[in-house]
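Spelled out, the chains give:
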Amino acid sequence: MLTISDGVTHGVRTDSSGPALAARLTALGFDVTRGLVPDERRLIAAAVRGAARDHVLVVSTGGTGLAPRDVTPQALHELLDYEVPGFGEVMRAEGRRSTPFAVLSRSLAGVLGRTLVVALPGSERGAVESFEAITPLLDHALATLGGDAGPHPPLAGAAADDSGRHGDDDTTGGDDPGRDRNAADRPESGERDDTGGGSSGAEPGSILSGPPRELPPTGSG
Amino acid sequence: MLTISDGVTHGVRTDSSGPALAARLTALGFDVTRGLVPDERRLIAAAVRGAARDHVLVVSTGGTGLAPRDVTPQALHELLDYEVPGFGEVMRAEGRRSTPFAVLSRSLAGVLGRTLVVALPGSERGAVESFEAITPLLDHALATLGGDAGPHPPLAGAAADDSGRHGDDDTTGGDDPGRDRNAADRPESGERDDTGGGSSGAEPGSILSGPPRELPPTGSG
Amino acid sequence: MLTISDGVTHGVRTDSSGPALAARLTALGFDVTRGLVPDERRLIAAAVRGAARDHVLVVSTGGTGLAPRDVTPQALHELLDYEVPGFGEVMRAEGRRSTPFAVLSRSLAGVLGRTLVVALPGSERGAVESFEAITPLLDHALATLGGDAGPHPPLAGAAADDSGRHGDDDTTGGDDPGRDRNAADRPESGERDDTGGGSSGAEPGSILSGPPRELPPTGSG
């Protein structure tokens, strides 16, 4: 989990969204690792890229506002393999129930390799409300990204690996030393009703922040 | 109408969304031709480009999911002259009434030349529900794209042809040997209420799948 | 405020959205200057760029439809520093309450330097309804863009100026001869409830159309 803020980086601002969001993620069963990055496109991209190498989910807070100094979306537009526009749409649509200013948030999500990357606002309220809007989707999204549980059956001799970085489509997880697959272990849930309750009972996943690349698997399932 | 799927192409998956959608289109008065393409960006782009040369509407199903093997949106981002973001937004917003996972669909629509291109999900339910969300818009959209019935009156000596490929703005249709204008024959309906019923009574249009380029006009209007 | 239309430019169409929108803006306390541009990407980009040099808000009407001759979004995609997707989303979502065809509008907004640029439809109804959907956001958005009232405190020795064009983060306004800061004078309002009434009581801002670059401050606050 990455907090993206000049103010927090320079010690002139307290990070409130980071702890609040980490608590939510922990409650959902994720192992959370946190990091801090200033509002610099190059540094944001490097931190997200590094985190995505070892983890199935990267969540950032901050830098999604309207001001020219907010550059998280620009950094991700360049970095992500592809974006998933419904995430931003639903975070803003749900946010409008609380405040019309949710429209101004440039929150977004997309995919890098097989990692889901989600960029949330920096305010505690904005980050938590946006995250709650997408919580019911996380299990399904991570399972789909995790490998061949998705809609495409594996082709003989051709693993469904377009990223060129992960040669392993095994969804039984845990055997890839450079990648925590805990969250990807979950079986594809297919069509379900919205339980409204998110991921209770989910096995733990892991969210990395910051550039360290060769983490051992957290394995805290 | 293009079914985009590795599984269907390789015979390991049955196409259910294709027939369901073809039935809907036929019921709306469209002449439907179908094709099948694997999940390869280059092949998707070639098939859509070929189909758009001769037809006013190209509809694809499949390849809009979250997995790295889903590449239809990426292929269309590069190919289309411009996208019309409201189509994707409304397909997801309406889909959320059935399932929260509609958020994950990267359904979209846009314009290539004067052809409307719509990319729907591969699941039967997702494809049909998404299509129903945009059905009330099709007549108006195709009429606007068909020529000078749109909001811009023709300028003397300067046909409203930005694509460089269709030098003919005549909306009386049928005289362009390389292009079926049936769907574009309809008069601009202007402001109307949402009848909720789509295009009942519409004259037939045509939807091509696959690369054949020099089709005669279907002329079944 | 820019009216973008071939028809109006060539005298074959009457601009109805321009006067209607100007009246709304004036009622909100803005000083409105108007201009007229044909549907040409290069001319649209030049007009918006010129207007943004001197003003905090640039509003255009027209050229956002589905037809190939509608090129305002394409011109802005290239020109803007970044887009703010929630503006287009909320304009279409609110517009759907009146007509399903609001989905077809490619309305959008984004930021150029520290200027908010908003592109509305050319129809009077579409322009006014879209503008009303974003009216409650304008004060907050302009204050955020106006300088250091935003979420990022100024860093010592490094003004929050990413545009390379405006070296002045002072929000007390009026002392920048090349830029009207009236609208930016307003204090950051922070979290507020949606009053539903827009900006009554706001100090006047200014909306420029056309390329004149060295306007004196209007100073009519």
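Since the structure is predicted, the reported quantities are computational estimates derived from the model, not experimental observations. (Residues numbered from 1 in each chain as written. Chains lettered and ligands numbered in written order. Predicted model: local features only at pLDDT ≥ 70, side-chain atom pairs only at ≥ 80, totals over all residues. Heavy atoms only, no water.)

1. Focus: the confidence of the model for chain A
For clarity, the cut-off: The quantity called pLDDT is the predictor's confidence in a given residue, expressed from 0 to 100. The contact criterion used throughout is that any non-hydrogen atoms of two residues lie within 4.5 Å.
For chain A, mean pLDDT is 74; residues scoring 70 or higher make up 66% of the total. Here residues 148–221 of chain A scores under 50 on pLDDT; set against residues more than four positions off or in separate chains, the count is 170 contacts.

2. What about the interface of chain C and chain B?
The criterion, for reference: Buried surface area refers to the total accessible area, computed with a probe of radius 1.4 Å, that the two partners give up upon joining, counted for both partners together. The salt bridge criterion pairs a side-chain nitrogen of Lys or Arg with a carboxyl oxygen of Asp or Glu, the two atoms within 4 Å. Pairs of N or O atoms are called polar contacts if they sit within 3.5 Å, as long as, within protein, a hydrogen donor faces a hydrogen acceptor (for residues adjacent in sequence, only side-chain-to-side-chain pairs). In this description a helix means any DSSP run of H or I spanning at least four residues, a strand means any run of E spanning at least two, and both kinds are numbered starting from the N terminus. Following the grouping adopted for this structure description, the nonpolar residues are Ala, Val, Leu, Ile, Met, Phe, Trp, Tyr, Cys and Pro, the charged ones are Asp, Glu, Lys and Arg, and the polar ones are all others, Gly among them.
The interface is formed by 23 residues belonging to chain C together with 29 residues belonging to chain B. Between chain C and chain B, roughly 2400 Å² of surface is buried when both sides are summed, and carbon and sulfur atoms account for 65% of that area. With a shortest N-O distance of 2.7 Å, Glu 89 of chain B and Arg 92 of chain C are connected by a salt bridge. Remark: the boundary between chain C and chain B carries four residue pairs in polar contact (both at pLDDT 80 or more). Listed by contribution, the elements that provide at least two residues to the side of chain C that touches chain B are helix 1 (6–9) and helix 5 (85–95) of chain C. Taken together, the residues of the side of chain C that touches chain B break down into nine nonpolar, four polar and ten charged.

3. A short note on the packing of helix 2 (residues 17–27) of chain B against helix 6 (residues 124–146) of chain B
Residues and elements named next belong to chain B. The condition that has to hold: Interaxial angles span 0 to 180 degrees and are taken between N-to-C directions of axes, which are lines fitted to C-alpha atoms, for helices over the stretch in contact. For classification, angles of less than 35 degrees are called roughly parallel, those exceeding 145 degrees roughly antiparallel, those between 65 and 115 degrees roughly perpendicular, and all remaining angles oblique. By the definition used in this description, the sense in which the near helix is turned from the far one sets the handedness, with an anticlockwise turn below a right angle giving left-handed and a clockwise turn giving right-handed.
Relative orientation of the contacting elements helix 2 and helix 6 amounts to 25 degrees, with a least axis distance of 8 Å. On the basis of the axis angle, helix 2 is roughly parallel to helix 6. In this structure, the crossing between helix 2 and helix 6 has a hand that is right-handed. Counted together, Ser 17, Ala 20, Leu 21, Arg 24 and Leu 25 of helix 2 and Glu 124, Ala 127, Val 128, Phe 131 and Glu 132 of helix 6 form the full contact between these two elements. For the contact of helix 2 with helix 6, a count of residues per class yields six nonpolar, one polar and three charged.

4. Focus on the relation of the copies chain A and chain B
Basically, it comes down to this: Overlaid copies result from least-squares superposition on C-alpha atoms, with residues included only where pLDDT is at least 70 in both.
By a simple turn and slide, chain A fits onto chain B: the slide is 0.0 Å along the axis, the RMSD is 0.0 Å, and the turn is 120 degrees. Such a combination of turn and shift is consistent with a three-fold rotation axis. When C-alpha distances to the rotation axis are compared across chain A, the minimum falls at Glu 89 of chain A, with a value of 4.3 Å.

5. Examining the interface of chain A and chain B
Tallying the contact residues gives 28 residues for chain A and 23 residues for chain B. Roughly 2400 Å² is buried in total at the junction of chain A and chain B, and carbon and sulfur atoms are behind 65% of that figure. Connecting chain A to chain B are four residue pairs in polar contact (both at pLDDT 80 or more). When residues of the side of chain A that touches chain B are traced back to their parent elements, those giving at least two are strand 5 (82–83), helix 5 (85–95) and helix 6 (124–146) of chain A. Examining the composition of the side of chain A that touches chain B, we find that seven residues originate from one element, helix 5 of chain A, more than from any other.

6. A look at helix 3 (residues 41–54) of chain C
Each α-helix turn comprises 3.6 residues. Residues three or four places apart therefore point the same way. Residues and elements named next belong to chain C. Just so we agree on the cut-off: A helix's residues, less one, multiplied by 1.5 Å, set its expected span. For every residue, the accessible area obtained with a 1.4 Å probe (protein chains only) is divided by the maximum for its type, and the residue is called buried under 20%, exposed over 50%, and partly exposed between those limits.
Relative to the 20 Å expected for 14 residues at 1.5 Å per residue, helix 3 spans 21 Å between its end C-alpha atoms, a close match to the ideal helical length. Burial in helix 3 covers these residues: Ile 44, Ala 45, Ala 47, Val 48, Gly 50, Ala 51, Ala 52 and Asp 54. Its buried side turned inward, helix 3 meets strand 1 (2–4), strand 3 (35–37), strand 4 (57–61), helix 4 (72–79), strand 6 (108–112) and strand 7 (115–120).

7. Structural notes on the layout of surface pockets
Quick note on the threshold: Only protein atoms enter the 1 Å grid used here. Points where a 1.4 Å probe fits but cannot escape make up a cavity, open sets with protein on both sides within 12 Å along at least five of seven lines make up a pocket, and a residue lines them when an atom lies within 4 Å of a point. Grid points are joined across faces, edges and corners, and a volume is the space filled by probe spheres set on the points.
Roughly 1300 Å³ of volume is contained in the largest pocket. Taken together, 45 residues make up the lining of the largest pocket; nearest its centre are Glu 83 of chain A, Glu 83 and Pro 85 of chain B together with Glu 83 and Pro 85 of chain C. Classifying every residue of the lining of the largest pocket by side-chain character gives 18 nonpolar, twelve polar and 15 charged.

8. Details of the pattern of salt bridges
All names here are of chain A. Under the criterion given, the structure shown has 27 salt bridges over all chains. Salt-bridge contacts for Arg 34 lead to Asp 15; the nearest nitrogen and oxygen are separated by 3.1 Å. With a gap of 19 residues between them, Arg 34 in the loop between strand 2 (31–32) and strand 3 (35–37) and Asp 15 in the loop between helix 1 (6–9) and helix 2 (17–27) connect regions that are remote in the sequence. Classification of Arg 34 as partly exposed rests on a relative accessible area of 41%. With a closest N to O distance of 2.6 Å, Arg 69 and Glu 40 form a salt bridge. One end of the pair, Arg 69, is in the loop between strand 4 (57–61) and helix 4 (72–79); the other, Glu 40, is in the loop between strand 3 and helix 3 (41–54), and 29 residues separate them in sequence. Assessed through its relative accessible area of 13%, Arg 69 is described here as buried.

9. A look at the relation of the copies chain C and chain B
Least-squares fitting of chain C to chain B yields an RMSD of 0.0 Å, with the superposition described by an axial translation of 0.0 Å and a rotation of 120 degrees. A different interface surface on each copy is seen, since only 4% of the contact residues of chain C are contact residues in chain B too.

10. A closer look at the pairing of strand 7 (residues 115–120) of chain A
Along any regular strand the residues' side chains alternate between the sheet's two faces. Residue and element names in this part refer to chain A. As a reminder, the rule being used: One requirement defines pairing of two strands: DSSP has to find at least two bridges between them.
The buried fraction of strand 7 is high, at six of six residues. Residue alternation in strand 7 divides its side chains into two sets, Thr 115, Val 117 and Ala 119 and Leu 116, Val 118 and Leu 120, and both sets are buried. Direction of pairing for strand 4 relative to strand 7: parallel, over a ladder of five bridges. Bridge pairing links Ser 60 to Ala 119 in strand 7. When strand 6 (residues 108–112) meets strand 7, the two strands line up antiparallel, connected through five bridges.

11. Considering the pairing of strand 4 (residues 57–61) of chain B
Residues and elements named next belong to chain B. Judged by how many residues are buried, strand 4 sits mostly within the fold: five of five residues are covered. Where burial is concerned, the two faces of strand 4 agree: the one with Leu 57, Val 59 and Thr 61 and the one with Val 58 and Ser 60 are both buried. By the bridge criterion, two bridges tie strand 1 (residues 2–4) to strand 4 in an arrangement that is parallel. Paired with Leu 2 across the bridge in strand 4 is Ser 60.

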